[in-house]
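Each chain, written out:
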Amino acid sequence: MSTLSVDTIQGKSTTGTVKFPSGYPVQIVNQENSTGPVMSSNTTSKLMDCQIVSKLANSSFLVHAFCGIGTLAAAGGNSDTDVALGLGYKTGAADSSSSNYIGIGSYSPSRQTISFSNGNRAFYSIDAFGGSGDYTYVYHAFGEPSTVQSFSPNVAAGTPLQVGLFVSSDVNQHAITFGTRRNDSGSDSGTITYVCVTEISA
């Protein structure tokens, strides 16, 4: 049996880069959030960003995302409240507006979407949700959607990329919580939202 022990691997050429096989995972960055918005009006909001700085040129990026969605008040029967979640990316610094991000994926439902620079996108969209009629200060998640999506921005090594998770609702009947704990005396119940980005070599 042989043992290979090294302290540093670096490129032989002046560029200082190492050639990875295509499709090789280069790095993983994970970001968590537990203080998302509670929406009480028709709006779109950015829940969080996950920043990753590319290590190689022309890499692809694989995104895992999860966000719990709930209500603060009991809701009997179905509630006609539209909700959408979408992922977008941009280079450089983070921004509050979804219109400055490029939407990831191609799904564009007609019910509720996020408006990105390349059009309306969503990885989750619903027309109504079923409520619970008898609970107090309980975290009631009517949806806990997750997704795995990829994008290929064709950027140079060392480029900062922001992957943003955006939420939208028309809040027709009930205030909606996105990826957050309750904001009242039941604040010790809730869930963690995350965005995890993996760089994949070209």
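Computed from a predicted structure; not experimentally measured.

We now examine the packing of aromatic side chains. What the rule picks out here adds up to six aromatic pairs. Where F20 meets Y24, the ring centres are 5.2 Å apart and the plane angle is 35°; that geometry is what we call tilted. F20 sits in the partly exposed class, given a relative accessible area of 24%. Ring centres of Y101 and F166 lie 5.0 Å apart, and the angle between their planes is 75°; on these two criteria the pair is classed as edge-to-face. In this pair, Y101 sits in the loop between β7 (83-91) and β8 (102-103) while F166 sits in strand β15 (residues 160-169), placing the two residues 65 residues apart along the sequence.

Pairing is antiparallel across the open sheet formed by four strands, whose spatial order is β1-β17-β4-β14. The strands lining the two open edges of the sheet, one partner per strand, are β1 (25-33) and β14 (146-151). Across the sheet, the axes of successive neighbouring strands diverge by a mean angle of 15°, strand direction being ignored. Where strand β4 (residues 60-66) lies against strand β17 (residues 193-200), seven bridges are found, and the strand directions are antiparallel. Pairing of L62 across the sheet is with T198, part of β17.

The next thing to look at is the environment of G23. Within the secondary structure, G23 is located in the segment before β1. For G23, a relative accessible area of 46% puts it in the partly exposed group. Not counting chain neighbours up to four residues away, the residues in contact with G23 comprise I200 and S201.

In this section: the environment of L87. Within the element layout of this structure, L87 appears in strand β7. A relative accessible area of 1% means that L87 is categorised as buried. For L87 and V63, which are 24 residues apart along the polypeptide, the C-alpha to C-alpha distance reads 8.8 Å. Discounting chain neighbours no more than four positions away, the residues touching L87 are V63, A65, I102, G103, I104, F116, F123, T147, Q149, V163, G164 and L165.

Applying the stated criterion across every chain, the model contains two salt bridges. Between D49 and K46 there is a salt bridge whose closest N-O contact spans 2.3 Å. Judged by its relative accessible area of 16%, D49 falls in the buried class. The class for K46 is partly exposed, based on a relative accessible area of 24%. Two residues, D127 and R111, come together in a salt bridge whose shortest N-O distance is 3.5 Å. One end of the pair, D127, is in the loop between β11 (124-126) and β12 (129-130); the other, R111, is in the loop between β8 and β9 (114-116), with 16 residues separating them in the sequence.

Let's shift gears to the confidence of the model for the protein chain. Taken over all residues, the pLDDT of the protein chain has a mean of 84, while the share at 70 or more is 78%. Per-element mean pLDDT across the protein chain ranges from 62 in strand β13 (residues 140-143) up to 98 in β8.

What counts, and at which threshold
Residues numbered from 1 in each chain as written. Predicted model: local features only at pLDDT ≥ 70, side-chain atom pairs only at ≥ 80, totals over all residues. Heavy atoms only, no water. Phe/Tyr/Trp six-rings, centres within 6.5 Å; stacked < 30°, edge-to-face > 60°. Buried < 20%, exposed > 50% of the residue type's maximum accessible area, 1.4 Å probe, protein only. Helix = DSSP H or I, 4+ residues; strand = E, 2+ residues; numbered from the N terminus. Pairing = 2+ DSSP bridges. Axes fitted to C-alpha atoms, helices over the stretch in contact; angles between N-to-C directions. Contact = heavy atoms within 4.5 Å. Salt bridge = Lys/Arg side-chain N within 4 Å of Asp/Glu carboxyl O. pLDDT = per-residue confidence, 0-100.

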